[in-house]
Amino acid sequence: MAIKCIGILTSGGDAPGMNAAIRAVTRTAIYNGYTVKGIKRGYHGLMTGEIVEFQSKSVSNIIQQGGTILKTARSKEFRTAEGRKIAYENMCKEGIDALVVIGGDGTLAGALTFAAEYDVPIVGLPGTIDNDLDGTDETIGYDTALNTIVDAVDKLRDTASSHERLFFVEVMGNTAGYLALNGAIASGAEAAIIPERETEVDQLAELIHNGFRKSKNSAIVLVAENPATGGAMGLAERIKKEFPEFDARVTILGHLQRGGSPTAKDRILASKMGAMAIEALSEGQRNVMIGIKNGELVYVPIKRAISHSTHVDLRGLDIIRILSM
Ligand code: F6P
């Protein structure tokens, strides 16, 4: 069946650049003769029918805005077969023939299940600050979040060195250490503690025993959030007990990392990927995510995108260690 109307939604954690992606999808679709419908609050809105037709001007003046004009949600109901049935019925009622979904692994996993049950053409765009999707070198929002981390660490460095303190700075990442590792390289931090090395070694003990503060009076350690170890708070507790000679402080950057105007890099990535999503649907692609590999846009099967089989390059830890001597 020829596609006439494309629905677009953002789901899961918002990421800077989602609006740039919405703009690109909408305008490329309209340019190519499709009708576009914006679905509010992700899959939740597909079930409740919060759907509006988008014109070109619906996406004016949003490329520079963080967040998502479509709003977002993490829908529990869509994880049930009944929820997805209602969503499909609403899609039919609205005349939506295909979907572009923007989000992270949960969003893409939902798309895959939905497409398998109802044979709906779906193309995904990687929208998450975590950068934890396979088949793409970068996700939309990651670069902005990294820059936010660098700005914050630059500020913390001033007070850390004035007071000669050890700072644990907790960053997001879900279960991945991309933000912590590359945030540490970019901010010249003394170390990064990431979940990918958790099972191998006691990273905190290793740090202290390597005498990482011998030549310095202050230090900044980027810590990836990790409920299993308590993240930065957990490490600070351990420092108090095991290494009381350190004057440690904790800063949790939290949702700050999800906000802000997207960087030029994220706007360009989102614009190119958004345009490519429409090309993909026109070509008859389905169940693919748009990725970027070595500067080239590529189609990645959604199944692979959410497989979590590619991990952060651990050689980055050596770089941090050597460069922070
Ligand atoms: O996936 C994006 C992300 O910000 C993760 O880094 C983090 O673990 C999670 O979302 C936080 O989710 P919420 O906004 O629901 O607290």
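Criteria and thresholds
Residues numbered from 1 in each chain as written. Predicted model: local features only at pLDDT ≥ 70, side-chain atom pairs only at ≥ 80, totals over all residues. Heavy atoms only, no water. Near = heavy atom within 4 Å. Polar contact = N/O pair within 3.5 Å; in protein donor to acceptor, adjacent residues only side chain to side chain. Nonpolar A, V, L, I, M, F, W, Y, C, P; charged D, E, K, R; others polar. Pairing = 2+ DSSP bridges. Helix = DSSP H or I, 4+ residues; strand = E, 2+ residues; numbered from the N terminus. Axes fitted to C-alpha atoms, helices over the stretch in contact; angles between N-to-C directions. Contact = heavy atoms within 4.5 Å. Buried < 20%, exposed > 50% of the residue type's maximum accessible area, 1.4 Å probe, protein only. Right-handed = clockwise from strand over helix to strand, strands pointing away. Phe/Tyr/Trp six-rings, centres within 6.5 Å; stacked < 30°, edge-to-face > 60°. Parallel < 35°, antiparallel > 145°, perpendicular 65-115°, else oblique. Left-handed = near helix turned anticlockwise from the far one by under 90°. Core = buried A, V, L, I, M, F, W, Y, C linked by side-chain atoms within 4.5 Å. pLDDT = per-residue confidence, 0-100.

**Describing the site of the ligand**
Every residue near the ligand is listed here: R74, D130, M172, G173, N174, E225, H255 and R258. One of the backbone nitrogen or oxygen atoms of N174 is found 3.4 Å away from an oxygen atom of the ligand. With respect to the ligand, the side chain of E225 contributes an N or O atom lying 2.6 Å from an oxygen atom. Its residues assigned to classes, the shell around the ligand comprises one nonpolar, three polar and four charged.

**Quick word on the sheet that holds strand 1 (residues 5–10)**
Strand order in the open sheet formed by seven strands is 3-2-1-4-5-10-11, with mixed pairing between adjacent strands. Only two strands of the sheet have a single neighbouring strand rather than two, namely strand 3 (51–54) and strand 11 (296–301). Direction aside, neighbouring strands of the sheet carry axes that sit 30° apart on average. Sheet analysis places strand 4 (residues 98–103) next to strand 5 (residues 122–126), joined by five bridges and oriented parallel. Each bridged residue has a counterpart across the sheet, and for I102 the counterpart in strand 5 is L125. Sitting on the sheet, helix 4 (residues 105–118) is in contact with strand 4, strand 5 and strand 10 (288–293), with an inclination near 160° to strand 4.

**Concerning the pairing of strand 1**
Among the six residues in strand 1, six count as buried, and that is most of the element. In strand 1, alternate side chains face the same way, and those of C5, G7 and L9 on one face and I6, I8 and T10 on the other are all buried. Note on the crossover from strand 1 through helix 1 (residues 18–31) to strand 2 (residues 35–39): the handedness is right-handed. Inspection of the sheet shows strand 1 paired to strand 4 by five bridges, in the parallel sense. Across the sheet, residue T10 finds its bridge partner in strand 4, namely I102.

**Quick word on the packing of aromatic side chains**
Considering all chains together, one arrives at four aromatic pairs under this definition. Ring centres of Y43 and F78 lie 4.0 Å apart, and the angle between their planes is 0°; on these two criteria the pair is classed as stacked. With a gap of 35 residues between them, Y43 in helix 2 (residues 42–48) and F78 in the loop between strand 3 and helix 3 (81–94) connect regions that are remote in the sequence. Accessibility expressed as a relative area gives 4% for F78, which makes it buried.

**Some words on the packing of helix 6 (residues 178–187) against helix 11 (residues 315–323)**
Relative orientation of the contacting elements helix 6 and helix 11 amounts to 30°, with a least axis distance of 10 Å. For the element pair helix 6 / helix 11, the angle class is roughly parallel. In the crossing of helix 6 with helix 11, the sense of the turn from one axis to the other is left-handed. Between helix 6 and helix 11, the contacting residues are L181, A184 and I185 on the first element and G316, L317 and I320 on the second. Looking at side-chain class alone, the contact of helix 6 with helix 11 contains five nonpolar, one polar and no charged residues.

**Here we look at the nonpolar core**
With 62 residues, the main nonpolar core has L125, L179, I220 and L222 as its most contacted residues. With sequence-adjacent residues up to four places away left out, I220 is seen in contact with V153, L156, R157, A160, F167, V169, A189, E190 and A191. Residues C5, F78, V120 and I302 belong to the second largest nonpolar core, which totals 25 residues.

**Thoughts on the confidence of the model for the protein**
Here the protein averages 95 in pLDDT, and 98% of its residues register 70 or above. Highest mean pLDDT in the protein belongs to helix 1 (99); lowest belongs to helix 7 (residues 203–209) (84).

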